Amino acid sequence: MGRAVGIIGTGQTKHGRRDDVSYPDLVREAVNAAFEDAGITPEDIDGVVFGSMPSMMEGMAYNHFYFADAMRAVGKPILRAETCGSTGQSIAHTGVHWVSSGMADIVLVVGSEKQHEGDAQATMMTILEPFLQLSAGGAPVAFSMQSREWMGYYHIAEEKAREAAAIISVDCHNAGANNPLAHIRKRFTKEEVMNAPIITYPVRLLDVCPSSDGACAVIFASEEKAKKICETPAWVKGMGFRGEEYFIGDSSKAVWQSAIEASREAYKQAGITNPRKELDVAEIYNPFSYQELMFLECLGLCPLGKAADYVIDGVFSPGGELSCDPSGGVLCTNPIGATGLIRLAEAAMQVTGKAGSRQIEGAKLALSHAMGGAEQFNGVTIVGSEL
Amino acid sequence: MAEEKERPRTIEAVGTAPFEMALGPTWTRFFEGIKEEKIFGTRCKKCGRVLVPARPFCPRCFEPMEEWVEVAQEGTIVTWSYIDYTYFGLEDDMIPVVPATIKLDGTDTSWWGVIGGFDIKDFDLVAKKVKVGGRVKAVWRKEKRGCVQDIEYWKVIE
Ligand SMILES: [Zn+2]
């Protein structure tokens, strides 16, 4: 890695259906919150990085042109990066590289989505070419099939997987109810989740994330600037990002190499050898409860094929060995272009004691993660309270 | 209701943009094969893997895949799902659908398909017949258009 980089401020909108504001207004809500948190002004920013889903989700190509003003990017360098669901991690990494390389001292990174302004499903159907891979049913089908592949590969009994997925859903919805910014703030019982109607087998209605509007902004600074500006920066300890082939069948999605390799890289940089023991919080990208089970394994938080057992034993529930998604996770809030960055913002808030009602007592080291593409990309960023 | 009236309004619009995707020589030949009820893969001379649909180059070795292989029309289910809701592009009368990925014999990848040929409205029957590791074979449409949908469905081999 190059120069040390610290997060000096984060900001999020209230997530949900946000047709009360225009899209630039929504973006500015997050940007202003980040400036307020960092205690700096737009003049201090050397460059801006933005990302979202394919911008036609909101009816226009290159939506960052539309938001340039709202990100106060006038007269500054601006970059766009996107990798579908993992966009939030990609833009964070872009911002870190910019500061780490010495090309900038302070960079503003913004991710956003306004899923209610367009037809999110129609946009999703344009992500794969429509001729060589038949992908009827969009993202829910792709990720449900991945979950079924995982269950089949490890011979995990259907009832066990269903119960573990339900526990994750219940924990996340309880956490979401406790997060004032979350989109879904409603609690459910394990029985309600397990008996919800099947959407795309094995995934049931309450195993699925909502479609949200929302934005997130994170401000990265060099060590020197961070120490000067901020009493408690969240230091970037490690990052990893890996991609896979375009054709979904070309690699195993049950033993998901991009997630395994991205997290290994991040742990290596952070000097973490036993992530479940050393991490205090993990903000895992979990648009589907079943997928979180796979991530617990592939991010090295439990042995491969054993996530359901660990979840049923309460290892990742509140009060367990490692708290996962105390924000409510993606299951409660999914403005996709912002979602991966929200994971990082929440991780940074945890290690700097700024997480309010969802603070994990004494958290010092936190993992954030996002997944994107048709099971093609995984990104991980680890932040800590100490440099 | 006063609050509703004061709510900022929205403007509706619809945009459409047609496109024409060039298939290139490899996928053109692949779809010519499909018209003749043949499924072609290509083999990488470096890693030896056979990938379907045929590829112009190996995504891992970055070598050209010039050896054409006609692969089996039978294979093993790697995973499956049961779509019981209407997603964009799926009309009410098109669901339920049973998508699957199938590893064709002699290939090193799995490929999307749809399982059919029996009453898939009955989920319990589907769950009984469709298994990870189960065997399926291609059932072709009579009229071919030279596209993936020329395989009407994959039939479970009991
Ligand atoms: Zn090869």
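See above for the structure.
None of the values given here were measured: they were computed from a predicted structure.

(A) Representation of the overall build of chain A. A tally of regular secondary structure across chain A gives 14 helices and 12 strands. Its C-alpha atoms give chain A a radius of gyration of 19 Å, near enough to 21 Å, the size a compact globule of 387 residues would have. Taken along the three principal axes of its C-alpha coordinates, chain A extends 55 × 45 × 40 Å. By residue count, 65% of the 387 residues in chain A fall in the buried class. Residue pairs in contact within chain A that sit at least 24 positions apart in sequence constitute 78% of those at least 6 positions apart. Carbon and sulfur atoms provide 52% of the accessible area of chain A, an area that totals close to 12800 Å². Taking the average place of the 32 positive charges on the side chains of chain A and the average place of its 47 negative ones, the gap between the two points comes to 3 Å.

(B) Structural view of the overall build of chain B. In terms of helices and strands, chain B carries 3 helices and 8 strands. The order of α-helices and β-strands along chain B, N terminus first, is α-α-β-β-β-β-β-β-α-β-β. Here chain B has a C-alpha radius of gyration of 21 Å; the compact-globule value for 158 residues is 15 Å, and the former is much larger. In terms of principal-axis extent, the alpha carbons of chain B reach across some 70 × 40 × 30 Å. Counting over 158 residues, chain B shows a buried share of 42%. In chain B, the proportion of contacts linking residues at least 24 apart, taken out of those at least 6 apart, comes to 52%. Accessible surface, chain B: about 9400 Å² in total, of which carbon and sulfur atoms supply 51%.

(C) Quick peek at the sheet that holds strand 8 (residues 151-156) of chain B. Residues and elements named next belong to chain B. Ordered in space as 4-5-6-8-7, the 5 strands form a closed barrel in which the pairing is mixed. Averaged over all neighbouring strand pairs, the angle between strand axes comes to 55 degrees, with direction disregarded. Where strand 4 (residues 74-80) and strand 5 (residues 99-104) come together, 5 bridges link them in antiparallel fashion. Residue Trp-80 lies in a different strand from strand 5, and its bridge partner there is Ala-100.

(D) How the structure looks around the coordination of the zinc ion. All names here are of chain B. Distances from the zinc ion to its protein donors, Cys-44 (SG), Cys-47 (SG), Cys-58 (SG) and Cys-61 (SG), fall at 2.3 to 2.4 Å. Seen from the zinc ion, its 4 donor atoms lie at angles of 104 to 114 degrees, and the figure they make is tetrahedral. Here the donor residues of the zinc ion are spaced in sequence according to C-x2-C-x10-C-x2-C. Highlighted residues: Cys-44 in the loop between strand 1 (40-43) and strand 2 (50-51) and Cys-61 in the loop between strand 2 and strand 3 (67-70), separated in sequence by 17 residues. Like Cys-44, the residue Cys-61 is buried in the burial classification.

(E) Structural view of the pairing of strand 4 of chain B. Sheet topology note: the strand 4 of chain B/strand 7 (residues 135-140) of chain B ladder contains 3 bridges and is antiparallel. When the sheet's bridge partners are listed, B:Gly75 is paired in strand 7 of chain B with B:Val136.

(F) Inspection of the packing of aromatic side chains at higher detail. Going through the model one piece at a time under the given rule, you end up with 20 aromatic pairs over all chains. Both rings, one in A:Phe143 and one in A:Phe288, keep their centres 5.7 Å apart while their planes meet at 40 degrees; by these two values the pair is tilted. Here A:Phe143, found in helix 5 (residues 138-153), pairs with A:Phe288, found in the loop between strand 9 (281-283) and helix 11 (289-298); they are 145 residues apart in sequence, far enough to count as distant. Overall, A:Phe143 belongs to the buried group, its relative accessible area being 8%. Residues B:Phe40 and B:Trp68 carry aromatic rings whose centres are separated by 5.9 Å and whose planes lie at 75 degrees to one another, so their mutual orientation is edge-to-face. Of this pair, B:Phe40 sits in strand 1 while B:Trp68 is found in strand 3, placing the two residues 28 residues apart along the sequence. Using a relative accessible area of 16% as the deciding quantity, one classes B:Phe40 as buried. Assessed through its relative accessible area of 21%, B:Trp68 is described here as partly exposed. Aromatic rings pair up to connect A:Tyr23, A:Phe50, A:Tyr66 and A:Phe67 into one cluster.

(G) Quick look at the packing of helix 5 of chain A against helix 11 of chain A. Residue and element names in this part refer to chain A. The interhelical angle for the contact between helix 5 and helix 11, taken along N-to-C directions, is 55 degrees, at an axis separation of 9 Å. The angle between helix 5 and helix 11 places the two elements in the oblique class. Of the two elements, helix 5 crosses helix 11, and the hand of that crossing is left-handed. Of the residues in helix 11, those in contact with Phe-143, Gln-146, Ser-147, Trp-150 and Met-151 of helix 5 are Tyr-290, Gln-291, Leu-293, Met-294 and Glu-297.

Conventions used here
Residues numbered from 1 in each chain as written. Chains lettered and ligands numbered in written order. Predicted model: local features only at pLDDT ≥ 70, side-chain atom pairs only at ≥ 80, totals over all residues. Heavy atoms only, no water. Helix = DSSP H or I, 4+ residues; strand = E, 2+ residues; numbered from the N terminus. Rg over C-alpha atoms; globule rule 2.2 N^0.38 Å. Buried < 20%, exposed > 50% of the residue type's maximum accessible area, 1.4 Å probe, protein only. Contact = heavy atoms within 4.5 Å. Areas by Shrake-Rupley, 256 points an atom, 1.4 Å probe, with all protein chains shown as cover. Lys, Arg positive; Asp, Glu negative; His and termini not counted. Charge placed at Lys NZ, Arg CZ, Asp CG, Glu CD. Pairing = 2+ DSSP bridges. Axes fitted to C-alpha atoms, helices over the stretch in contact; angles between N-to-C directions. Donors = N, O, S within 2.8 Å, 3.2 Å for Na, K, Ca; no water. Tetrahedral: all angles 85-135°; square planar, octahedral: opposite > 155°, others 65-115°. Phe/Tyr/Trp six-rings, centres within 6.5 Å; stacked < 30°, edge-to-face > 60°. Parallel < 35°, antiparallel > 145°, perpendicular 65-115°, else oblique. Left-handed = near helix turned anticlockwise from the far one by under 90°.

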